[in-house]
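Structure at a glance
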Amino acid sequence: MPVAPAGFHLPGRALLAAVLLVSTLLGGCESLSPAECATADWRELGVQDGSRGRTDRIASYYESCAKAGIAVNAAVYRAGRNQGLQSYCQPANALNEGLAGNSYEGVCPAPMDQNFRNIHGIAWRDQDARKTLARLLRQQDQMQAELRDSKTTEDRRRTLRDDLSRSDRRIEEARYAVRDASYQLDRLRSDMRQRGQH
């Protein structure tokens, strides 16, 4: 979350409004209530959206606030969002976002976008490969447990044996994908360390 400048203090009501606003946004809702529209700090809202890698939401805010007859300040919001994007679009954050499995919405400015995409993509593939392998291993465990169950019919056992044979091949492919993704990630981290980006 963005930090307020040194010496900046919110009065009680404004602080409450800011807390409510952040709670609404964290809940995934893009609309604002009339009270939030009335007290919104458009620059800070832009900074928050930018620093979280969100797309420009001014149209949604405009729609919400127009119902209450309250104007939005698009220029101030967008200036704040651009400031937030400068912190979001850093290489180390691209790595962290990818490893967390978070999607990238293509929000970074042109000079930063390709590098962010490359780093995010390598990190995302690593976590995705690991998730896929874990899922296949869980499925295999479930099939083996069913095969061992005395209540399993012979027809079902034949099906399970065939499925387990295919599962072995898929798991081997998934292990290879993990090894390859891990190698690419290690190379990326080494390169980032050499550049002072991680």
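Cut-offs used in this document
Residues numbered from 1 in each chain as written. Predicted model: local features only at pLDDT ≥ 70, side-chain atom pairs only at ≥ 80, totals over all residues. Heavy atoms only, no water. Helix = DSSP H or I, 4+ residues; strand = E, 2+ residues; numbered from the N terminus. Buried < 20%, exposed > 50% of the residue type's maximum accessible area, 1.4 Å probe, protein only. Contact = heavy atoms within 4.5 Å. Areas by Shrake-Rupley, 256 points an atom, 1.4 Å probe, with all protein chains shown as cover. Disulfide = S-S within 2.5 Å. pLDDT = per-residue confidence, 0-100. Axes fitted to C-alpha atoms, helices over the stretch in contact; angles between N-to-C directions. Parallel < 35°, antiparallel > 145°, perpendicular 65-115°, else oblique. Left-handed = near helix turned anticlockwise from the far one by under 90°. Nonpolar A, V, L, I, M, F, W, Y, C, P; charged D, E, K, R; others polar. Salt bridge = Lys/Arg side-chain N within 4 Å of Asp/Glu carboxyl O. Phe/Tyr/Trp six-rings, centres within 6.5 Å; stacked < 30°, edge-to-face > 60°. Core = buried A, V, L, I, M, F, W, Y, C linked by side-chain atoms within 4.5 Å.

1. Details of the overall build of the chain
- For the chain, the helix and strand inventory stands at eight helices and zero strands.
- When the helices and strands of the chain are read in sequence order from the N terminus, they spell out α-α-α-α-α-α-α-α.
- A total of 198 residues make up the chain; the buried ones form 35% of that total.
- For the chain, long-range pairs separated by at least 24 residues make up 62% of all intrachain contacts whose partners lie at least 6 apart in sequence.
- Counting every atom, the chain has about 12000 Å² of accessible surface; 51% of that belongs to carbon and sulfur.

2. Some words on the state of the cysteines
- Using the criterion set out here, one finds two disulfides in the structure.
- Between Cys37 and Cys65 runs a disulfide, and the two sulfur atoms are separated by 2.0 Å. One disulfide, between Cys37 and Cys65, carries an S-S torsion of -85° and so falls in the left-handed class. Of this pair, Cys37 sits in helix 2 (residues 34–39) while Cys65 sits in helix 4 (residues 58–67); the two residues are 28 residues apart in sequence, bridging distant segments of the chain.

3. Description of the confidence of the model for the chain
- Mean pLDDT over the chain works out to 86, with 84% of the residues at or above the 70 mark.
- Across residues 1–29, confidence stays below pLDDT 50; counting only partners more than four residues off in sequence or on other chains, it has 26 contacts.

4. Brief notes about the environment of Val107
- Looking at the element boundaries, Val107 is found in the loop between helix 6 (91–99) and helix 7 (110–148).
- Placed 54 residues apart in sequence, Val107 and Gly53 show a C-alpha to C-alpha distance of 6.4 Å.
- Not counting residues within four places of it along the chain, the set of residues in contact with Val107 comprises Gly53, Arg54, Thr55, Arg81, Leu85 and Tyr88.

5. Looking at the packing of helix 6 against helix 8 (residues 154–194)
- Across the interface, helix 6 lies against helix 8 with an axial gap of 11 Å and an inter-helix angle of 160°. Relative to helix 8, helix 6 is oriented roughly antiparallel. Where helix 6 crosses over helix 8, the two elements pack in a sense that is left-handed. When helix 6 is examined against helix 8, the residues Pro91, Ala92, Leu95 and Leu99 are found in contact with a partner set consisting of Leu185, Leu188, Arg189 and Met192.
- In terms of residue class, the contact of helix 6 with helix 8 is built from seven nonpolar, no polar and one charged.

6. Structural notes on the environment of Glu36
- Turning to its location among the elements, Glu36 is positioned in helix 2.
- With 28 residues separating them in the primary sequence, Glu36 and Ser64 have C-alpha atoms 9.8 Å apart.

7. A few points about the pattern of salt bridges
- Summed over the entire model, instances satisfying the criterion amount to 11 salt bridges.
- With a shortest N-O distance of 2.7 Å, Arg117 and Asp113 are connected by a salt bridge. Of this pair, Arg117 and Asp113 both sit in helix 7, four residues apart, roughly one helical turn.
- Judged by relative accessible area, which is 39%, Arg117 ranks as partly exposed.
- The exposure class assigned to Asp113 is buried, which follows from its relative accessible area of 13%.
- Notably, a salt bridge pairs Asp126 with Arg130, separated by 3.0 Å at the nearest N-O pair. Residue Asp126 and its partner Arg130 are both found in helix 7; the two are separated by four residues, about one turn of the helix.
- Overall, the relative accessible area of 4% leaves Asp126 in the buried class.

8. Things to note about the packing of aromatic side chains
- Enumeration over the complete set of coordinates arrives at four aromatic pairs.
- These aromatic residues form a ring-pair network of at least three members: Trp42, Tyr61 and Tyr77.

9. Observations concerning the nonpolar core
- Core analysis: the largest hydrophobic core is formed by 16 residues, its most contacted members being Tyr88, Cys89, Leu95, Cys108, Phe116 and Leu188.
- Only helix 5 (74–88), helix 6, helix 7 and helix 8 provide two or more residues apiece to this core.
- For this core, the element with the highest residue contribution is helix 7, accounting for five residues.
- Dropping the residues within four chain positions of it, Phe116 is found in contact with Tyr88, Cys89, Gln90, Asn93, Ala94, Tyr104 and Cys108.
- Formed by 10 residues, the second largest nonpolar core is a distinct cluster that contains Leu45, Tyr61, Cys65 and Tyr77.

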